[in-house]
Amino acid sequence: MRELEVRLKNSSYRIIVENYLMDKLSFYINDVYKNKRVFILTDDVVAKYYLDKAIKSLSDKYVVDYVIIPHGENSKVLERYAYVCEELLKKDIRRNELLIALGGGVIGDLCGFVAATLYRGIPYVGIPTSLLSQMDSSIGGKTGIDFYNRKNILGAFKQPSMVLIDPNTLKTLDNREFNNGMGELIKHGAIGNKKLLDMLKDKPQIDEDIIVESLFVKKSVVEIDEFDLKERMLLNFGHTFGHAIELKYGYKHGEAVAIGMLMAIKMGEDLNVTPKECYDVIFNILKLYELPTDEYNYKDYLKDVFYDKKNIAGTINFIFLNKLGNAIIYKMTEEEVKRLEGKNNSN
Ligand SMILES: NC(=O)c1ccc[n+]([C@@H]2O[C@H](COP(=O)([O-])OP(=O)(O)OC[C@H]3O[C@@H](n4cnc5c(N)ncnc54)[C@H](O)[C@@H]3O)[C@@H](O)[C@H]2O)c1
Ligand SMILES: [Zn+2]
C-alpha cells in the first residue's frame, strides 16, 4: 500500500494506491464519510467488471445505489449530466450524501461536475480504473463536460474527499486505452520525475510504485497552482503539437501527446533550451511501450499552433524540457515564432 496526500489551501485529501483495494472500499471511505447511503456513478464497461465488486465491498457499512451511463467521451455532455442529476434526485440523494466516481477520466470528470453543482456541492470519492485516470485525471479537482464542440468548456474546480486506486483493475483495460495512459505517464516522467523515467527504461509492470511516482508530479503542480493559473501549464508538455495532429490523423490523445513531446523536444533543441540527450531517451521509452513515434516536423505546425493558442497579449507559452525530468514555460512572440519557422532545418 502506498499513500500520498494532496495539500491545498482550504482542503487536503488522501490518495491510497493499493492492489486489491477494491475489496476494502468501505474501510477507507469510512475515514471521510459517516452517513448511510452512497451513490456510485459508473459506465457500462466498468460496471460489467467492477460494479458488483464495489457494491459488495461497500455494503458492510453503507446502503449502495448506482447510476450507469454508456462509456466513452460522448457521455461528457449536457444531456448525460442532466440525466445523472435526474436519476440521483429520483433516488432522493441529499446534499450530505456521497457520490463515488467508479471508472475512467470520463466518469471522473462528469461525476466531479455533478458533485460540484448538485445542491451547489456534495462530497465525492474517486475510484479511477483506467491508467489515465489513476496516474493523472483523478487528482487535481478539474471537473467538467464538453459543450459547443469544445472539450471541458463547462466545468468547476471540485476536489474529491479521497481517491482510491487499485492498480489491479488495469488488467482488464484494453491495450490501446492502456497506451493512452502511458503517453501521459511518460510525460510526467519527462517534465518532473527523472527517477520515473529511469524506472520505465526496464519496461516494468505498471504497479503501485510507478503510479505513485507519476502522481507525485501531478500533485506537486496542483499544490502550487490549484486553479490552473500558471505552473499547471507544465502538464501541457507535448500537448501543443499533440492537439494539432490528434484530430487530423486520428490518434488517441495519449498517442498524440507522445508524438507531440518529440516535436517539442526538437523545437527546444533548435532554441538551445533542450539538451540533445532528451530525444533518444524519450523516444526509446515511447517505443518500449508501443506508442507511436512517427516523425512530424514541428515547423509545419508552428504557424497554426501560434494563431490557435496565442493569448490576449499575442504571445504563446511553449513547454520545453531543459533537462530530463524538468520542464520550463517559454514565452514566445510572433516574431520569434516566425524567425524559428524560417530557420534552416539543419539548425
Ligand atoms: N480532470 C482532469 O484533470 C483530466 C486530465 C486528463 C484527462 N481528463 C479527461 O479524461 C477523459 C479520458 O479518460 P480515460 O482515458 O480514462 O477515458 P474513459 O473514461 O473513456 O475510459 C476509457 C475506456 O476504458 C474503459 N475502462 C475504464 N477502466 C477500465 C478497466 N479497469 N477495465 C476495462 N475497461 C475500463 C471505459 O469504460 C472506457 O471505455 C477525457 O474526457 C479527458 O478530458 C481529465
Ligand atoms: Zn493530456
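Counting restarts for each chain: residues are numbered from 1 in the order of the written sequence. For this description, chains carry letters from A and ligands carry numbers from 1, given in the order in which they are written. This being a predicted model, a pLDDT of at least 70 is required before a residue's local features are given, and a value of 80 or more before pairs of side-chain atoms are given or counted; all residues contribute to the totals for chains, interfaces and linings. To get the side-chain values, all heavy atoms of the structure are used, and hydrogens and water are removed first.

1. Let's talk about the site of ligand 1
For this purpose, a residue is taken to be near a molecule or strand whenever a single non-hydrogen atom of the residue falls within 4 Å of it. Around ligand 1, the surrounding shell holds 26 residues, and the nearest of these are Asp 43, Glu 73, Gly 105, Ser 130 and Thr 172. What qualifies as a polar contact is a pair of N or O atoms within 3.5 Å, subject to a donor-acceptor requirement within protein and to the restriction that residues adjacent in sequence count only when both atoms come from side chains. One of the side-chain nitrogen or oxygen atoms of Glu 73 is found 2.6 Å away from an oxygen atom of ligand 1. Within the side chain of Asp 109, an N or O atom sits 2.9 Å from a nitrogen atom of ligand 1. Accessible surface is estimated by sampling points in the Shrake-Rupley manner with a 1.4 Å probe; for residues, cover comes only from the protein chains shown. A total of 870 Å² of accessible area belongs to ligand 1 in isolation, and the protein chains cover 87% of it. Broken down by secondary-structure element, the contributors of at least two residues to the shell around ligand 1 are helix H2 (44-58), helix H4 (105-117), helix H5 (131-137), strand E8 (150-157) and helix H6 (175-192). Considering every element that reaches the shell around ligand 1, the biggest residue donor is H2, with four residues. Here the term charged refers only to Asp, Glu, Lys and Arg, the term nonpolar to Ala, Val, Leu, Ile, Met, Phe, Trp, Tyr, Cys and Pro, and the term polar to all other amino acids, Gly among them. Here the shell around ligand 1 is composed, by residue class, of seven nonpolar, ten polar and nine charged. By definition, any uninterrupted DSSP run of H or I lasting at least four residues is a helix, any uninterrupted run of E lasting at least two residues is a strand, and each is numbered from the N terminus.

2. Points about the environment of Tyr 83
Here Tyr 83 is to be found in helix H3 (residues 78-90). Exposure classes here rest on a 1.4 Å probe applied to the protein chains alone. A residue is buried below 20% of its type maximum, exposed above 50%, and partly exposed in between. You can call Tyr 83 partly exposed: its relative accessible area is 35%.

3. Observations concerning the domain arrangement of the protein chain
For the protein chain, the domain assignment lists domain 1 (2-172) and domain 2 (177-342). Here the C-alpha centroids of domain 1 and domain 2 sit 28 Å apart. Residue contacts follow a heavy-atom distance rule, with two residues in contact if any of their heavy atoms lie within 4.5 Å. Contact residues are listed per partner, giving 25 residues for domain 1 and 24 residues for domain 2. Between domain 1 and domain 2 the total buried area reaches about 2300 Å² when both faces are included, carbon and sulfur atoms providing 66% of it. Considering only the surface of domain 1 that becomes buried against domain 2, Arg 2, Leu 131 and Met 135 emerge as the three largest contributors, covering 29% of it. Salt bridge, as used here, is a side-chain nitrogen of Lys or Arg placed within 4 Å of a carboxyl oxygen of Asp or Glu. At the boundary of domain 1 with domain 2, the tally comes to three salt bridges. The salt bridge partner of Asp 209 is Arg 2, with a shortest N-O separation of 2.7 Å. The tally of links between domain 1 and domain 2 comes to nine residue pairs in polar contact (both at pLDDT 80 or more). Ranked by the residues each element gives to the side of domain 1 that touches domain 2, the list is headed by H5, at six residues. Split by residue class, the side of domain 1 that touches domain 2 holds 13 nonpolar, five polar and seven charged. Per the annotation, domain bounds derive from an automatic or database assignment of domains. The term buried area denotes the loss of accessible surface (1.4 Å probe radius) that occurs when two parts are joined, taken as the sum for both partners.

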